[in-house]
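# An overview of the molecular structure
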Amino acid sequence: MFAAENGLKGDSRLQGISEAIRVVPDFPKPGIMFQDITTLLLNHKVFKDTVDIFVDRYKDMDISAVAGIEARGFMFGPSVALAIGAKFVPLRKPGKLPGKVIAESYELEYGKDCLEMHVGAVQQGDRAVILDDLVATGGTLSAAIKLLERMGAEVVECGCVIGVPEVKGQSRLKGKPLYILVEPRELEDS
Ligand SMILES: O=P(O)(O)OC[C@H]1O[C@H](OP(=O)(O)OP(=O)(O)O)[C@H](O)[C@@H]1O
Ligand SMILES: Nc1ncnc2[nH]cnc12
């Protein structure tokens, strides 16, 4: 249930987080075991525990920017940014940001997509963490890393609520550390 090497072994909050995630088989396509964090958001204690764990992790790391990935990274990123005194940078799907943007395309388990970031949202000297709900192939995080680095920011770590410890994606993350709270849930646990 718990992702190895997050330094949280024995932390009872992780069980609550894992149990609050709903598994929906065959969504949005046959064969995908969808990890639904909306059920976690409905539980105030578990939602707060999740945010608190990221805040504890990043509060003393001199982080100036928290980048959140649309849509589900927006559900955790702003709370963490406010608590650690960092700015929040939304990384959005194409055509949503009104200013000048840079873009990176990537492949998903179930399709293709692209992320955009406003030019000037981060700059050289910024120390950033990227937050999302889940890492699967790592394609999304790797596009996010590229966006931030193209603007001169240092990506210190990527943080996700859910991921497999030996996530294939880790090799795609340009050696950036990946901090995962829990492993994906199986259907029989839900
Ligand atoms: O590691 P990867 O294989 O790249 O997959 C992970 C991404 O997939 C999901 O988002 P999705 O693209 O489904 O968009 P959504 O948050 O807008 O639903 C998830 O929230 C991650 O951002
Ligand atoms: N299995 C999964 N559940 C939820 N979001 C995802 N994004 C990519 N794979 C996913």
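Residues numbered from 1 in each chain as written. Chains lettered and ligands numbered in written order. Predicted model: local features only at pLDDT ≥ 70, side-chain atom pairs only at ≥ 80, totals over all residues. Heavy atoms only, no water.

### Description of the packing of helix α3 (residues 44-58) against helix α4 (residues 77-84)
- At a closest axis distance of 9 Å, the pairing of α3 and α4 adopts a crossing angle of 45 degrees. Here α3 is positioned oblique relative to α4, judged by the angle of their axes. For α3 against α4, the interelement crossing comes out right-handed. Across from Val51, Phe54, Val55 and Tyr58 in α3, the residues of α4 making contact are Ser79, Val80, Ala83 and Ile84.
- Split by residue class, the contact of α3 with α4 holds seven nonpolar, one polar and no charged. (Axes fitted to C-alpha atoms, helices over the stretch in contact; angles between N-to-C directions. Helix = DSSP H or I, 4+ residues; strand = E, 2+ residues; numbered from the N terminus. Parallel < 35°, antiparallel > 145°, perpendicular 65-115°, else oblique. Left-handed = near helix turned anticlockwise from the far one by under 90°. Contact = heavy atoms within 4.5 Å. Nonpolar A, V, L, I, M, F, W, Y, C, P; charged D, E, K, R; others polar.)

### Focus on the confidence of the model for the protein chain
- Here the protein chain averages 93 in pLDDT, and 93% of its residues register 70 or above.
- Scoring of the predicted complex yields 0.95 for pTM and 0.98 for ipTM. (pLDDT = per-residue confidence, 0-100.)

### Remarks on the sheet that holds strand β9 (residues 178-182)
- Pairing in this open sheet of five strands is parallel, and the strands run β4-β3-β7-β8-β9 from one edge to the other. Every other strand in the sheet has two partners, leaving β4 (87-91) and β9 as the edge strands with one partner each. This sheet shows a mean twist of 20 degrees between the axes of neighbouring strands, independent of strand direction.
- Of the strand pairs in this sheet, strand β3 (residues 65-69) and strand β7 (residues 127-134) are connected by four bridges, and their pairing is parallel. The partner of Gly68 across the bridge, within β7, is Leu131.
- Strands β7, β8 (154-162) and β9 of the sheet are contacted by α3, whose axis makes an angle of about 155 degrees with β8. (Pairing = 2+ DSSP bridges.)

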